[in-house]
Amino acid sequence: MAGATISIARNFSRYPSGRFRSDGPHNGQKFREEVLAPAMREVLRKSGKVTIILDDVAGLPASFLEEAFGGLVRSGFDKNEILSHLNIETSQLRLQRYPSQILAAIEKALPDLARAG
Amino acid sequence: MPADIPQLAAGAVLGFASTGIIRWWQYRRDLWTSEVERFTDLLEAATESATEYWLKSPLTSKTDQSEIEEHTFDLDMLEIKILGMQSRLDGLLACFIGQLLFQRRNSITVKLNDFSSAMTGGEFQSKNRNSDVNTARSIQAASAELLIELRLSVKSSLSPVGTIIYLLERLGFFVRSSVKGILGQ
């Protein structure tokens with residue numbers, strides 16, 4: 001089954017920070033638009049899952065997570081499709097609660113009606 | 001009167017077992033108390049730093065270059081401290097969450113997620129961030145919720161009934177792991 005594995009620390013930055021592009025070089029919007037959304041489109045086309053590896057990041061601010069993952073819903077992806085094609089993993093004890101925080105950010109996000117319309 | 005050896009032996013075994021169980025429970029209580037105190041102290045520090053951060057005036061309110069540099073430094077310092085404390089809270093909780101009853105683990109994680117969202121969500125690390133009294137208040141509220149949930153969870157896990165349930169959960173886990181090992185899964 002096709003799929004994509006993305007390590008935030010290796011494929012993006014060890015220091016994710018900020019929400020929008022104006023907030024710095026390793027922001028949530030950039031991660032979503034350049035890394036996550038293309039991978040998600042690919043697995044939705046070909047089937048499979050996007051696996052996000054959280055290991056080795058030096059902190060995960062909620063603003064980054066909400067924009068990166070909650071922003072998928074606002075940018076037009078269906079919430080149920082995201083949840084069924086996304087897998088979040090970590091082997092590090094200090095990051096164990098983040099999969100649930102990411103899933104909560106996706107659940108709480110609302111579609112951008114202006115974009116959908 | 002001749003000594004009833006089996007009765008004496010049974011009494012001795014029971015005595016040792018009771019003492020052993022009580023000592024084990026005391027050790028567990030004392031270990032937990034220190035872990036929970038460390039977590040609580042760190043939570044207080046994180047709450048204070050995050051409240052200060054969200055009440056600080058935005059960078060755009062400064063016009064003098066030296067003021068801008070000093071303010072940028074203050075904001076950067078607070079952001080790094082807050083992220084560091086968030087990581088340490090995550091680590092501390094991960095170290096002792098396994099000691100809590102299963103039903104309590106999820107609620108603690110949700111409360112910590114809520115605290116983290118209040119502390120580092122919204123416009124955290126944004127150059128255009130405004131001071132936000134409501135976020136500062138949310139942080140205080142979320143911190144209180146987490147503290148209450150933590151104390152209640154520890155209390156219920158350390159109670160006599162909670163201790164028995166904890167031991168049964170561990171036994172169940174051990175049995176499941178053994179069965180999986182035997183079946184080669």
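Quick caveat: nothing in here was measured; it's all calculated off a predicted structure.

> What's the story with the nonpolar core in this structure? I'm lost.
Where a protein is soluble and globular, its nonpolar side chains tend to be buried together. With 33 residues, the main nonpolar core has F39, Y53, L89, L93, F115, L150 and V154 of chain B as its most contacted residues. Taken together, the elements giving at least two residues each to this core come down to α1 (5–55), α2 (65–96), α3 (102–120) and α4 (133–158) of chain B. Once you skip the residues sitting within four places of it in the chain, Y53 of chain B turns out to touch L75, L78, E79, I82, E123, F124, Q125 and R129 of chain B. If you look at the next biggest cluster of nonpolar residues, it comprises 31 residues, including I8, A39, L54 and F69 of chain A.

> In this structure, what is going on with the packing of aromatic side chains? I would like to understand it.
Any two aromatic rings considered together are summarised by their centre-to-centre distance and by the angle between their planes. On inspection of all chains with the given rule, the structure shows seven aromatic pairs over all chains. Between F39 of chain B and F96 of chain B, the ring centres sit 6.0 Å apart and the planes meet at 80°, which makes this aromatic pair edge-to-face. Taken together, the residues span a long stretch of sequence, with F39 of chain B in helix α1 and F96 of chain B in helix α2 at a distance of 57 residues. For F39 of chain B, a relative accessible area of 0% puts it in the buried group. With a centroid separation of 5.4 Å and an interplanar angle of 90°, the aromatic rings of Y53 of chain B and W54 of chain B are classed as edge-to-face. Assigned by exposure class, Y53 of chain B and W54 of chain B land together as buried. Connected via pairs of aromatic rings, a cluster forms that spans F12, F31, F64 and F69 of chain A. Over the ring of W32 of chain B we find R28 of chain B, and its NZ or CZ is 5.2 Å from the ring centre.

> Is there a simple way to think about the interface of chain B and chain A in this case?
Many structure descriptions define interface size as the accessible area lost when the parts assemble. Between chain B and chain A, the contact holds 21 residues from the first and 18 residues from the second. Across the interface of chain B and chain A, roughly 1500 Å² is buried in total on both sides, 44% from carbon and sulfur atoms. Of all residues in chain B, the largest losses of buried area upon contact with chain A belong to D90, N113 and Q125 of chain B, amounting jointly to 29% of the total for that side. Summed over the shared surface of chain B and chain A, the result is one salt bridge. With a shortest N-O distance of 2.5 Å, R97 of chain A and D90 of chain B are connected by a salt bridge. Where chain B touches chain A, the interface holds 16 residue pairs in polar contact (both at pLDDT 80 or more). Elements with a minimum of two residues in the side of chain B that touches chain A: α2 and α3 of chain B.

Each value, and the rule that gives it
- Residues numbered from 1 in each chain as written.
- Chains lettered and ligands numbered in written order.
- Predicted model: local features only at pLDDT ≥ 70, side-chain atom pairs only at ≥ 80, totals over all residues.
- Heavy atoms only, no water.
- Core = buried A, V, L, I, M, F, W, Y, C linked by side-chain atoms within 4.5 Å.
- Buried < 20%, exposed > 50% of the residue type's maximum accessible area, 1.4 Å probe, protein only.
- Helix = DSSP H or I, 4+ residues; strand = E, 2+ residues; numbered from the N terminus.
- Contact = heavy atoms within 4.5 Å.
- Phe/Tyr/Trp six-rings, centres within 6.5 Å; stacked < 30°, edge-to-face > 60°.
- Lys NZ or Arg CZ within 6 Å of the ring centre and 35° of its normal.
- Buried area = accessible area lost by both parts, 1.4 Å probe.
- Salt bridge = Lys/Arg side-chain N within 4 Å of Asp/Glu carboxyl O.
- Polar contact = N/O pair within 3.5 Å; in protein donor to acceptor, adjacent residues only side chain to side chain.

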